[in-house]
Every structure is written in C-alpha cells, then in structure tokens.
Amino acid sequence: MSAVTTRSRSAPEGAPVAPPNISPLTTVQNGLQLTWRSVLKIRANPEEVFGLMLTPVMFVTLFVFVFGQAMMGDWQTYRDFLMPGIVAQSVVFATMGTGFSLSQDVEKGIFDRFRSLPIARSAPLIGAVLGDLVRYAITVVMVMLVGVAIGFRPDGGLLGVLGASALVLLFAFALCWMSAFVGMLVRTPMAVQSFGMILLFPLTFGSSAFVSPDDMPGWLAPIAANNPVTHLVDAMRGLMLGGDAAAPAAWTLFWTVVITAIFFPLAVWAYRRRT
C-alpha cells in the first residue's frame, strides 16, 4: 500500500520513471543518442548551414579589406594576423546558438517529453552541446577556406591548423555550457541573444583577436592580456603561424576546465528548475 502511494505521488500511473541512479557511462550514452538528434536538425534546417557558411565570408572580407590597410599598412599582413582571431570570434559568437536553441525547445515543450524518458537528466543538454560542436566545425572550415582563397598560408601547416581548430572547439565546448545556462535561465530565445551579446562582445573585441593589447590604452591592456579569448587567439596564432603556443594553450585549457566546472552544473540546475 505504501509503495503504491509513494509512486502515485512521484509520477502519474504508467509514466516512465528515470532510474534513481544512472551511471556516468549511461549518461554519456544518453547524451550521444541525443547528439545525433541535434545533428539531424542541421540536415532538416539547411538555412542554418547557409548562415554558418556566409557569416565567416562576411567577417573575413570586411575586417581584412576594410581595416587591414589602416591597421598594419597592407591588408596582407593584417590578414595573417587576423585569421586566427576571426576563427575564434566566429566560433565564440556561434556558441550563442546553443542557448537560443535550448530556449526554443523549452518553449515548444520538447523537454517535457525528455522528462518522461528514463534517461539522465543532463543528457538533453549534453546532446545539444555536442551536436552544436558539429556546427562550429563547419564554421572553422569555412573561415579557413575563405582565408586560403585570399592568400592565407599558415606556416604551421596542416598540423598547426588542426591543432588550432581542436583548441577553439574545446574552448567552445566550455562556452556552450555558459550559453546553455543563460538559455535555461532567461524566459525567451530573444533574451538569450541579448544576454549572449552582452557577455561575448567584451570577450572577443576586448581581446587580441583584432589588435595587440600593447596597442590598447594603459588601463585596458592588462585586462585584454588576461582575457581568456586572448589566450585562445595567441595559442592559435602560435600553432598556425609559428611561435610560442605552449603557454597560451595551457591557459586556454585552464579556462576551459574552469568555465566548464562552473557552468555545467549551473546549466543542469537551471534546466531542472526550468522544466
């Protein structure tokens, strides 16, 4: 009698109930299953892919040819300096889409269906984040193709480009959890975009992506030099163009761990609270 009473209070009769203890391996399996769902959404929405392809073309063209001559005397020199920064900026901005997409799913009631399934509570978030990494990989490829088309030839070769790409995607993985937290915290997808811009604009434009911190005002230079995106861009420049990449890469890995450690549990908490 007591067992029946307990069940009736916790879930409707006949509704699937998640196991009370789900192993980390099962959580990963659930997350990968939902990752495939997120990847299929790309095929179902080809206009998203078109946007991912067009935006890098616009950024590279505008920044290289509009600002290149004024910044460094010739656009070719600025192109080589800028390309790692454009890759980082494009991917960092793209992470806003994670929170936006999650907020849309909540509005449509999709997460209510997930709650009725015997899966790990974090699995829908893991699936969304890992699926979005596929989108970011497309963005990286497009930026590099545009760069090669206008004459960018990285001294680090293919291995340097692959290393830089892996680093920016790893950093994006961490930022996705921050985006997911915002997406679960605010009420509408449009609010996600607004908060995302407030958070990500200072990170990208207040970094070494477009100009060296040494050329910034005295009060801003130390802030920019210790910006996580500055460490990321400096590491990517070292890998792509040659130079010291070890120290900034270590800092990037440090920031990746810290951001993930903070925002992963916050995103899961906000998801449980929201749904």
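See the structure printed just above.
Criteria and cut-off values
- Residues numbered from 1 in each chain as written.
- Predicted model: local features only at pLDDT ≥ 70, side-chain atom pairs only at ≥ 80, totals over all residues.
- Heavy atoms only, no water.
- Helix = DSSP H or I, 4+ residues; strand = E, 2+ residues; numbered from the N terminus.
- Buried < 20%, exposed > 50% of the residue type's maximum accessible area, 1.4 Å probe, protein only.
- Areas by Shrake-Rupley, 256 points an atom, 1.4 Å probe, with all protein chains shown as cover.
- Lys, Arg positive; Asp, Glu negative; His and termini not counted.
- Charge placed at Lys NZ, Arg CZ, Asp CG, Glu CD.
- Axes fitted to C-alpha atoms, helices over the stretch in contact; angles between N-to-C directions.
- Parallel < 35°, antiparallel > 145°, perpendicular 65-115°, else oblique.
- Left-handed = near helix turned anticlockwise from the far one by under 90°.
- Nonpolar A, V, L, I, M, F, W, Y, C, P; charged D, E, K, R; others polar.
- Contact = heavy atoms within 4.5 Å.
- Patch = residues over 30% accessible without salt bridge, like charges linked within 9 Å, V, L, I, M, F, W, Y side chains within 5 Å.
- Salt bridge = Lys/Arg side-chain N within 4 Å of Asp/Glu carboxyl O.
- Core = buried A, V, L, I, M, F, W, Y, C linked by side-chain atoms within 4.5 Å.
- Phe/Tyr/Trp six-rings, centres within 6.5 Å; stacked < 30°, edge-to-face > 60°.
- Lys NZ or Arg CZ within 6 Å of the ring centre and 35° of its normal.

Describe the overall build of the protein chain, listing the residues and the values that go with them.
Along the backbone of the protein chain there are 12 helices and 0 strands. Its helices and strands in sequence order give the protein chain the pattern α-α-α-α-α-α-α-α-α-α-α-α, from N to C terminus. Summarising its shape, the C-alpha atoms of the protein chain cover approximately 80 × 40 × 35 Å along the three principal directions. Sorting the 275 residues of the protein chain into buried and exposed places 47% on the buried side. Approximately 13700 Å² of the protein chain is accessible, and the part contributed by carbon and sulfur atoms is 69%. Here the protein chain holds 17 positive side-chain charges and 14 negative ones, and the gap between their average locations is 17 Å.

Describe the packing of helix H8 (residues 157–185) against helix H12 (residues 246–274), naming the residues involved and giving the relevant values.
The N-to-C vectors of H8 and H12 enclose an angle of 25 degrees; their axes lie 7 Å apart at closest approach. What the angle tells us is that H8 and H12 run roughly parallel. The handedness of the crossing between H8 and H12 comes out as left-handed. In the contact of H8 with H12, the residues fall into 23 nonpolar, 4 polar and 2 charged.

Would you mind going over the environment of Val 140 in detail, with residue names and values included?
Mapped onto the secondary structure, Val 140 falls in helix H7 (residues 123–149). The class of Val 140 is buried, set by a relative accessible area of 5%. Each C-alpha atom of the pair Val 140 and Met 53 lies 9.4 Å from the other, and the pair is 87 residues apart in sequence. Once residues lying within four places of it in the same chain are set aside, the contact partners of Val 140 are Val 87, Val 91, Ser 165, Val 168 and Leu 169.

Which residues make up a nonpolar patch on the surface, and what values do they have?
A surface patch of nonpolar side chains, about 530 Å² in accessible area, is lined by Met 58, Leu 62, Val 66, Phe 67, Met 71 and Met 72. Relative to the elements of secondary structure, Leu 62 occurs in helix H3 (residues 46–72).

If you had to explain the side chain of Ser 103 to someone new, which residues and values would you point to?
Turning to its location among the elements, Ser 103 is positioned in helix H5 (residues 96–108). Residue classification places Ser 103 among the buried positions, given a relative accessible area of 0%. Leaving out residues up to four positions away in the same chain, Ser 103 has contacts with Gly 183, Met 184, Arg 187, Thr 188, Pro 189, Val 192 and Arg 274.

Hey, could you go over the nonpolar core for me, with residue numbers and the actual values?
With 65 residues, the main nonpolar core has Val 60, Ile 86, Val 168, Trp 177 and Met 236 as its most contacted residues. Those elements that place two or more of their residues in this core are H3, helix H4 (75–94), H5, helix H6 (110–115), H7, H8, helix H11 (228–241) and H12. Here the element with the most residues in this core is H8; it accounts for 14 residues. Residues in contact with Val 60, not counting those within four places in the same chain, are Phe 65, Met 83, Ile 86, Val 143, Val 146 and Ile 150.

Describe in detail the packing of aromatic side chains, supporting the description with residues and values.
Counted according to the given criterion, the structure contains 14 aromatic pairs. Measuring from centroid to centroid gives 4.8 Å for Phe 63 and Phe 210, while their planes differ by 20 degrees, and the two rings are stacked. Highlighted residues: Phe 63 in helix H3 and Phe 210 in the loop between helix H9 (189–205) and helix H10 (221–225), separated in sequence by 147 residues. When sorted by exposure, Phe 63 lands in the same class as Phe 210, which is buried. Judged by centre distance (5.1 Å) and plane angle (15 degrees), the ring pair of Phe 205 and Phe 210 falls under stacked. We classify Phe 210 as buried; its relative accessible area is 7%. Taken together through their ring pairs, the aromatic side chains of Phe 59, Phe 63, Phe 67, Phe 93, Phe 201, Phe 205 and Phe 210 make up a single cluster. Looking at Arg 237, its charged tip hangs above the ring of Phe 81, at a distance of 3.7 Å from the centre.

Functional significance is not addressed by these values, which are geometric in nature.
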